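Descriptive structure summary
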Amino acid sequence: MSTNTARAIEVVKILSEALPYIQRFSGKTIVIKYGGNAMTDEDLKASFARDIVLMKEVGINPVVVHGGGPQIGELLEKLKIESRFVNGMRVTDNDTMDVVEMVLGGLVNKEIVSLINQSGGKAVGLTGKDGGLIKAKKLKVTHKTPEMTAPEIIDIGHVGEVDDVCTDVVDMLVSRDFIPVIAPIGVDDLGRSYNINADLVAGKIAEALKAEKLMLLTNVAGLQDKNGDILTGLSTEQVDALIEDGTIYGGMLPKIDCALSAVKNGVISSHIIDGRVPHATLLEIFTDAGVGTLITNQEN
């Protein structure tokens, strides 16, 4: 058998394996939080854009929510605006919020839109301010030390959380075969803008859309047990138990909480996948093995 024939057979096998998944997810909505290495490595950026277009071409409705922390940090440094963090969250004064809006709503958002469009898709960039998509409220941060009788409330500026999601603009775009690309900026009733964690925004949008899947791209291989093995096929009860026994802790907790909340509020499954793997989104959707941690309320 020639090399070309062997390669052709392998391609056909892959397509054959993908067919049941294409049939199952055609017409469904998948919300993808895009961040980490996948946003900074040129090859991974290009492959992500092609993957999103392929998903749309086979009938899936992808909705992309992106971060941009490193890019914000770079521009703040160039502008000589100090970056400060409290509990891992960037303190966002008025000047910093202006930069956040420039980077997330402008530079990063438009680059992703451009890459998807160059790959043959029809992407449209949004922030949560467009069409009243994301109503935000100020995030209250508390800090308490053993010697304090009551927790201290810390003002970290224009950092928010999702108060409500109105999907009208997303529904309109999806119905016209556009791919929404959303920057995680919300607005309150007084018109004040807020920077919101992209994982949280993706989760709340997935809940509001009753999405089939929420996919969170990360810089780790997935949720690991205490021996370093990847855990997958988890029920919400199993995840709650892993949090209780300390297997899930630290920086992974907010991401897991987001994935768990989505599944408990109408999303069929959440996936924490390794964005450093080329075509990670397609591998998770269209192959038997997948490349990350699956959390679901349904029986496997």
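Located above this text is the structure these notes cover.
Quick caveat: nothing in here was measured; it's all calculated off a predicted structure.

Counting 41 residues, the largest nonpolar core has V31, I205 and L214 as its most contacted members. For this core, the secondary structure elements donating two or more residues are β2 (61–66), β6 (134–138), β9 (160–165), α5 (168–175), α6 (198–209), β13 (213–218), α7 (236–244) and α8 (252–264). Apart from residues no more than four positions distant in its own chain, V31 is found in contact with V63, V65, A202, I205, A206, L209, A211, K213, L214 and M215. Ranked by size, the runner-up nonpolar core spans 38 residues in total, among them I52, M55, I112 and I185.

Moving on, we come to the side chain of H158. Structurally, H158 can be placed in the loop between β8 (152–154) and β9. Judged by relative accessible area, which is 17%, H158 ranks as buried. Separated by 2.7 Å, the side chains of H158 and N94 make a polar contact. Non-local contacts of H158, meaning those with residues more than four positions away in its chain, are made with T92, D93, N94, M97, S193, Y194 and N195.

To continue, consider the sheet that holds strand β14 (residues 234–235). Two strands in a sheet stick together by hydrogen bonds in their backbones, pointing the same way (parallel) or opposite ways (antiparallel). Read from one edge of the open sheet, eight strands run β5-β10-β2-β1-β13-β15-β16-β14, paired in mixed fashion. Each having just a single partner strand, β5 (123–127) and β14 make up the two edges of the open sheet. In this structure, β14 lies alongside strand β16 (residues 292–296), joined through two bridges in parallel fashion. Note on β16: the bridge partner recorded for S235 is T296. Those strands touched by α6 are β1 (29–34), β2, β10 (179–183) and β13, and its axis lies near 175° from that of β1.

Further remarks concern the side chain of S193. Looking at where S193 falls in the secondary structure, it is placed in strand β12 (residues 193–195). Judged by its relative accessible area of 7%, S193 falls in the buried class. At a separation of 3.2 Å, a polar atom in the side chain of S193 contacts the side chain of E101. Discounting chain neighbours no more than four positions away, the residues touching S193 are M97, E101, K129, H158, I185 and G186.

Our next topic: helix α2 (residues 42–57). Turn by turn, an α-helix covers 3.6 residues, leaving residues three or four places apart pointing in a common direction. Compared with an ideal rise of 1.5 Å per residue, which puts 16 residues at 22 Å, α2 spans 23 Å between its outermost C-alpha atoms and is within 8% of the ideal. Among the residues making up α2, those that are buried are L44, K45, S47, F48, A49, D51, I52, V53, M55 and K56. Here α2 starts with a cap whose side-chain oxygen sits 3.0 Å from the backbone nitrogen of D43, and that cap is D41. In the stretch just after α2, G59 is the one whose phi turns positive, near 100°.

The next point concerns unusual backbone geometry. Here the phi dihedral of K80 falls at roughly 60°; this positive angle occurs in a residue that is not glycine. Mapped onto the fold, K80 is located in the loop between α3 (69–78) and β3 (85–86). The backbone of K210 sits at a positive phi, close to 50°, despite the residue not being glycine. By the element assignment, K210 lies in the loop between α6 and β13. A relative accessible area of 55% means that K210 is categorised as exposed.

Glancing now at the environment of N219. Looking at where N219 falls in the secondary structure, it is placed in the loop between β13 and β14. Between the C-alpha atom of N219 and that of I196, which follows or precedes it by 23 residues, the distance is 20 Å. In this structure N219 touches G36, N37, D274 and R276, once residues within four positions along its chain are discounted.

Rules used throughout
- Residues numbered from 1 in each chain as written.
- Predicted model: local features only at pLDDT ≥ 70, side-chain atom pairs only at ≥ 80, totals over all residues.
- Heavy atoms only, no water.
- Core = buried A, V, L, I, M, F, W, Y, C linked by side-chain atoms within 4.5 Å.
- Buried < 20%, exposed > 50% of the residue type's maximum accessible area, 1.4 Å probe, protein only.
- Helix = DSSP H or I, 4+ residues; strand = E, 2+ residues; numbered from the N terminus.
- Contact = heavy atoms within 4.5 Å.
- Polar contact = N/O pair within 3.5 Å; in protein donor to acceptor, adjacent residues only side chain to side chain.
- Pairing = 2+ DSSP bridges.
- Axes fitted to C-alpha atoms, helices over the stretch in contact; angles between N-to-C directions.
- Expected span 1.5 Å × (residues − 1).

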